[in-house]
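Survey of secondary and tertiary structure
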Number of protein chains: 2
Amino acid sequence: MERTKFILDENEMPTSWYNIAADLPEPLPPERHPATKEPTRLPPPLFAEAINDQEFSTQRYIDIPEEVLSVYRLWRPTPLYRAHRLEKALDTPARIFYKYEGTSPAGSHKPNTAVAQAYYNKKEGIKRLSTETGAGQWGSALALGCMLFGLECKVYMVKVSYYQKPYRRIMMETWGAKVVPSPSMDTEVGRRILKENPDSPGSLGIAISEAIEDAAVHDDTHYSIGSVANHVLLHQTVIGLEAKKQMEKAGYYPDIIVGCIGGGSNFAGMFLPFVKDKIEKRKPGLRIICAEPQAAPSLTKGVHAWDYGDEAGLAPILKMYTLGHTFMPPPVHAGGLRYHGMAPIISHLYKLGFVEARAEYQIPVFEAGIKFARTEGIIPAPEPSHAIKVVIDEANACKQAGQSKTILLTLSGHGNFDMGAFDEYLSGKLQDYEYPAEKVKEALSHLPQVPE
Amino acid sequence: MERTKFILDENEMPTSWYNIAADLPEPLPPERHPATKEPTRLPPPLFAEAINDQEFSTQRYIDIPEEVLSVYRLWRPTPLYRAHRLEKALDTPARIFYKYEGTSPAGSHKPNTAVAQAYYNKKEGIKRLSTETGAGQWGSALALGCMLFGLECKVYMVKVSYYQKPYRRIMMETWGAKVVPSPSMDTEVGRRILKENPDSPGSLGIAISEAIEDAAVHDDTHYSIGSVANHVLLHQTVIGLEAKKQMEKAGYYPDIIVGCIGGGSNFAGMFLPFVKDKIEKRKPGLRIICAEPQAAPSLTKGVHAWDYGDEAGLAPILKMYTLGHTFMPPPVHAGGLRYHGMAPIISHLYKLGFVEARAEYQIPVFEAGIKFARTEGIIPAPEPSHAIKVVIDEANACKQAGQSKTILLTLSGHGNFDMGAFDEYLSGKLQDYEYPAEKVKEALSHLPQVPE
C-alpha cells in the first residue's frame, strides 16, 4: 500500500522562516510613501518595529520565536497528502500531492501570519490590533491570534458580508474579537461615508481605511494586514519549508507547484522555498503556476506599475502587477482572491520569469472543487479550487503525453463556510462573469505618478 | 518545551477494532424483534450480513478491511493533544489531554462507522443506503462514506433542520447524496403523515421510519444507523485504540476519561479499549464519566428496561437505559445528544458500575465550550462541550485537592456548523430548559412488555 499522508512530528517543524529577499537575483523596488511617494518603511504609527524590520530584511532565515512556535503546534505541521483517489479518477500517470492548511482552527493558512503579528505587537506593548475583513477569513485568523496573545481585536467587516455571511462574524466573536459592519460610526471615514450614503454596502477599500484610522488615532493600537506585504509572505513560508521536508519523505521533488493567488500569501508561502532552487539553477525545470480568477487577473491581464495597496490611497505605493487600485472585481465567491494587485515579491518573480500564471473562470473552478471533494473527501474553499482546476488540467496533460510528472498543490483552506456557494453551483444557479476589460482600462488610468 | 501533540504515523493505525463483547463480565441481553419480541438478529432485509455478524460477534478483535483502512488514512490517525493552554487558564495541577475527531472531512467521529458500513454493503452487492439525519452530522458522514465506495445515498432529513440548517444539507449534496425533507412524499409513512398534517415539522422518529421503509421496499437498498448499535460502537473503537497508543507516547495513563453521550458511539469508541483494563482489574481506579444533556438524561434519570430503538416501534427492542421511546427531548442545540435511550453496551456497563454519568444544562455547557475555544483555539461542537464542562469541573476539583490527575477528553467534532448556537449564547439569548420530568413519566408508561 502506497502512503496517503506524509506527516512531520512537531519537533520537525521549521524553526525559522525563509526570506526570499536574500536570494533575489535583483532586489525588490522599494515601497513608496502614499503621500510623499519617496521610498519609505511601513507607516510608523501602524506597525510593530519587529514587523517593519522583517518587511525590509535581507537576512536569509529569520528565527520563529518560541512563543509563535508554541501556537503553531496547535495545528502544525500540517499534513501533506498523496491524492491517490483523485489520480485514479483522472486515470493520470501524474503523481498529485497536496499540502492541507485547513487544519488550523480558523480553517485556512491565514493564522500563520496572524499569530506572528499578534506576538510581535504584544511584545512591543501594544494592546489592540485593528484590521479589515471581507468574507471573514483574515478577520477570524487575527481574532484567533489576538486571543492567544491576550490582545484586543477590532475587525471592520464589509457590511454586505457582515449581514450575508454571519458565521465567520460569530467565529470572530467566539474568539473574543469586536466586529462591526463597515462603514461604521466608529471612525471619521465611516461617519463621513454613512452621512453621504446611509445604505452603503461597504467595500474592502473602505474597511481598510477605517482600520488604518482606528490604529492611527489610538496610541495602544496597531494595524494588521493579512496578505501582500513582504512580512506576511515571510511568515507563510512555514508552509513550503514543511512541504519540502515532506516531499523528501515522499521521495519526490515536484515538477509543477500550483496554488491560488489573491494577494498572494498562501502560494508564496509554499513556493518561495522551492523557487530558491530554481533561482540557484538546481531545479531549472521546476514550473510554478499561479492560479488567479478571471474576475481579478492581475498577473495575466494587469500591468507592472506603481500603485496603491488600497483603494483609498492610504497604504504604501508598491511596484506590482495591478488592475488599478480603484478597480472593483466582480463579486465572485472566492472572496479571498478579489484584490486589484499582487504581492510585490510575486510580481517581481513573475516579471523575472520564475513563475507562470493562469486565470480561471468560476464555473469550471467549482466543477474542479466538486471533483476534489468527491474523490479526496475534503471540501475545498472556492479560492484553492482555482488551483485544483489547474492541477486537473496539468494531470490531464500528463495523461495525454504519457508523462508521470509530480504535481504539488497548496490546499489553503476548507469550504465549510462556503456551502452557500456550493449550493448555488449544484443547483445550476451559479453565473460566470465576463472579464471586465472596460473597468480595468478605466482603473488603470488612475495609477499614481511615481518617479523611478 | 512540553509537547502539544502526540501523533501517530498511518502505519501505527490500529488494524482491528476491539469488541467489548469478548470481555464483558456478564453477556449483553439479546436484542428482541419489534413485533414478535423474541431474541433476533438485526432485521434481515435491512443490513449487510457482515454487519449483522459483527452486531452479535464475541470475537475480541475484528480485522479492519484494507479498503476501510485506506479511507481512514484520509484523516486518521487523529491527533491527541495536551491542553496546555486550558490547564494554564484553569491554573490546575491536572493534566488534560484531548483526542480530536474533528479532522475528518465531515468534521466528527461519525465517518469511522459510515465508511465501514458503506464498504460492507458495497461488498454484498448493495447499490444504495438509506438513513435519517437530524441536524445532518450523521447524514453527512454517510454521504461521504457512500461516495468513497460508489454507493448512492438517500438521506431523510428532519424537515425543520432541512430548512433551518442548510449547510449540512449542502455538504451531503456536495458529496453526491440525495437529501429530502422528512416527512417526504417518497414513502408510504411520509405520505400518510403529510396527508394528516401538511405542515408537520418532522421528527427523528418519522425520518427513521421513512429510511427503514425505503430500504425495505427497494431490493438494492439497505438501511444504515449512526449510533447505539453494537457494530457502530465496534467501528468507533479505533478512537480509543489510537488514544491508548498516544497516551503511552505521552507517558501517562488516564485517571479520568470523559466524553459526551447521545446514542453513545463516540464515547464508547474512546473508552471501550480502556474499560477492558478496568474489567480485568489492571486499572481499578480508572473513572469513566459520561456527560449527557439534562434535556435527555437517559443514564442519570432513565430506567434500565426493554424499549424500542425508535419512536415508531420499527427498530429492535433493546435492553437499555431509556426515557421512553415516545419521549421528545427539548430542542437543545446539541442535536446529536437528543435521543431517548442509550447504547445497550454503555447501559450494561453503567448498570454493572464500570462507568459513571453526569447530566449538564445547556448554558454552562456553552460557557465551557467558549472557554475551550478561547484557550485551545478549536471551536468545539455543542455535543462535546458537555464533556468539556465535566473536564473543567474535574480539573477544578484537582486544584481544590491539589491533585495532578490525568484527564482524557473525547473531542468528537468541531463547531463550524453550529455558529448559530454560539451566536445565541454570546448575545445572551440562549435559554435553558427545565428537566421535563412529566414528559418522561408519561413516556415511561409506554414501554413495551417483554418477557425476560
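Our subject is the structure listed above.
With that out of the way, let us pick up the relation of the copies chain B and chain A. After a rotation of 180° and a shift along the axis of 0.0 Å, chain B superposes on chain A with an RMSD of 0.0 Å. The superposition of one copy onto the other is thereby described by a two-fold rotation axis. In this assembly, 100% of the residues forming the interface of chain B have copies in chain A that are likewise at the interface, indicating an isologous arrangement.

Before going further, it helps to spend a moment on helix α8 (residues 188–196) of chain A. All names here are of chain A. Taken together, the buried positions of α8 are occupied by Val-189, Gly-190, Ile-193 and Leu-194. One side of α8 holds all its buried residues, which, seen down the axis, span an arc of 125°. Residues of α8 that are exposed and point more than 90 degrees away from the buried face comprise Glu-188, Lys-195 and Glu-196. Packing partners of the buried residues in α8 comprise α6 (159–164) and α9 (204–217).

Enumeration according to the criterion identifies 31 aromatic pairs over all chains in this entry. On the numbers, 5.2 Å between centres and 65° between planes, the contact of Tyr-119 of chain B with Tyr-120 of chain B is edge-to-face. Taken individually, Tyr-119 of chain B and Tyr-120 of chain B each receive the classification buried, so the pair is uniform in this respect. Through a chain of ring-to-ring contacts, three or more aromatic side chains come together here, namely Phe-6, Phe-97 and Tyr-252 of chain A. Its end group placed over the ring of Phe-274 of chain A, Lys-244 of chain A keeps NZ or CZ at 5.7 Å from the ring centre. One residue, Lys-283 of chain A, lies across the ring of Tyr-253 of chain A, its end atom 4.3 Å from the ring centre.

All names here are of chain B. Look at helix α4 (residues 111–123) against helix α10 (residues 230–250): their axes get within 8 Å of each other, and the N-to-C directions meet at 125°. Relative to α10, α4 is oriented oblique. α4 and α10 meet at a crossing whose hand is right-handed. In this structure, α4 uses Asn-112, Thr-113, Ala-116, Gln-117 and Tyr-120 to contact α10, whose residues at the interface are His-231, Val-232, His-235, Gln-236, Val-238 and Ile-239.

The strands making up a sheet associate through backbone hydrogen bonding, with each pair oriented either parallel or antiparallel. All names here are of chain B. The strand order across the open sheet built from 4 strands is β8-β7-β6-β9, with neighbouring strands paired in parallel fashion. Of all the strands in the sheet, just β8 (178–182) and β9 (221–223) have a single pairing partner and so form its edges. Put simply, the sheet's adjacent strands are angled 25° from each other on average, direction ignored. Of the pairings in the sheet, the one linking strand β6 (residues 128–133) to β9 comprises 3 bridges and is parallel in character. The residue of β9 that forms the bridge with Leu-129 is His-222.

Following the criterion strictly, the structure yields 59 salt bridges over all chains and no others. Residue Arg-282 of chain A pairs with Asp-277 of chain A through a salt bridge whose shortest N-O separation is 2.5 Å. Residue classification places Arg-282 of chain A among the partly exposed positions, given a relative accessible area of 48%. By relative accessible area, which is 4% here, Asp-277 of chain A ends up buried. Residue Glu-87 of chain B is joined to Arg-82 of chain B by a salt bridge in which the shortest nitrogen-to-oxygen separation is 2.6 Å. Linked through salt bridges whose partners overlap, the residues forming this network are Lys-244, Lys-276, Asp-277, Glu-280 and Arg-282 of chain A.

The next point concerns the pairing of strand β5 (residues 95–100) of chain A. All names here are of chain A. Burial runs high along β5: 6 of the 6 residues are buried. Strand direction decides the pairing type here: strand β4 (residues 80–82) and β5, joined by 3 bridges, are antiparallel. Within β5, the residue paired with Arg-82 across the bridge is Phe-97. Bridging between β5 and strand β15 (residues 406–411) involves 6 bridges; their strand directions are parallel. Bridge assignment links Phe-97 to a residue of β15, and that residue is Leu-408.

Taken residue by residue, the interface counts 47 residues in chain B and 47 residues in chain A. When the two sides are added together, the surface that chain B and chain A hide from each other amounts to roughly 4,100 Å², 54% of it contributed by carbon and sulfur. Contact with chain A buries area across many residues of chain B, yet Leu-74, Arg-85 and Thr-174 of chain B alone supply 15% of it, more than any other trio. The tally of links between chain B and chain A comes to 6 salt bridges.

Residue and element names in this part refer to chain A. Of all 6 residues in β15, 6 are buried, a share of seventy percent or more. Here β15 shows no split at all, with Thr-406, Leu-408 and Thr-410 on one side and Ile-407, Leu-409 and Leu-411 on the other all buried. With 3 bridges joining them, strand β10 (residues 256–260) and β15 adopt parallel strand pairing. Across the sheet, the residue bridging to Val-258 is Leu-409, located in β15.

Let us now look at the nonpolar core. Grouped together as the largest cluster of nonpolar side chains are 65 residues, with contacts concentrated most on Trp-17, Val-68, Tyr-72, Tyr-120, Trp-175 and Tyr-223 of chain A. Looking at this core element by element, the count peaks at 9 residues for helix α5 (residues 137–149) of chain A. Setting aside chain neighbours within four positions, we find Trp-175 of chain A in contact with Pro-105, Ala-106, Ser-140, Ala-143, Leu-144 and Met-147 of chain A together with Ala-373, Arg-374, Gly-377 and Ile-379 of chain B. Trp-17, Cys-153, Met-157 and Met-172 of chain B belong to the second largest nonpolar core, which has 64 residues in total.

All names here are of chain B. If you trace the 7 strands from one edge of the open sheet to the other, you get β1-β4-β5-β15-β10-β11-β14, paired in mixed fashion. Because the sheet does not close on itself, it has two edges, and the strands there are β1 (5–6) and β14 (356–360). Together, β1, β4 (80–82), β5 (95–100) and β15 (406–411) form the strand contacts of α10, whose direction differs from that of β5 by roughly 140°.

Moving on to unusual backbone geometry. A cis amide bond, omega -10°, links Arg-76 of chain A with the succeeding residue Pro-77 of chain A. Positionally, Pro-77 of chain A belongs in the loop between α2 (66–72) and β4. With an omega of 5°, the peptide bond running from Ser-182 of chain B to Pro-183 of chain B counts as cis. Structurally, Pro-183 of chain B can be placed in the loop between β8 and α8 (188–196). Phi angles above zero are rare outside glycine, and Lys-37 of chain A is one such case at about 65°. Among the structural elements, Lys-37 of chain A can be located in the loop between β2 (16–18) and α1 (49–56). On the accessibility criterion, Lys-37 of chain A (22% relative accessible area) is partly exposed.

Cut-off values and rules
- Residues numbered from 1 in each chain as written.
- Chains lettered and ligands numbered in written order.
- Predicted model: local features only at pLDDT ≥ 70, side-chain atom pairs only at ≥ 80, totals over all residues.
- Heavy atoms only, no water.
- Least-squares fit on C-alpha atoms with pLDDT ≥ 70 in both.
- Contact = heavy atoms within 4.5 Å.
- Buried < 20%, exposed > 50% of the residue type's maximum accessible area, 1.4 Å probe, protein only.
- Helix = DSSP H or I, 4+ residues; strand = E, 2+ residues; numbered from the N terminus.
- Arc of directions from axis to C-beta.
- Phe/Tyr/Trp six-rings, centres within 6.5 Å; stacked < 30°, edge-to-face > 60°.
- Lys NZ or Arg CZ within 6 Å of the ring centre and 35° of its normal.
- Axes fitted to C-alpha atoms, helices over the stretch in contact; angles between N-to-C directions.
- Parallel < 35°, antiparallel > 145°, perpendicular 65-115°, else oblique.
- Left-handed = near helix turned anticlockwise from the far one by under 90°.
- Pairing = 2+ DSSP bridges.
- Salt bridge = Lys/Arg side-chain N within 4 Å of Asp/Glu carboxyl O.
- Buried area = accessible area lost by both parts, 1.4 Å probe.
- Core = buried A, V, L, I, M, F, W, Y, C linked by side-chain atoms within 4.5 Å.

Note that every value here comes from positions in space, so none of it alone points to a role or purpose.
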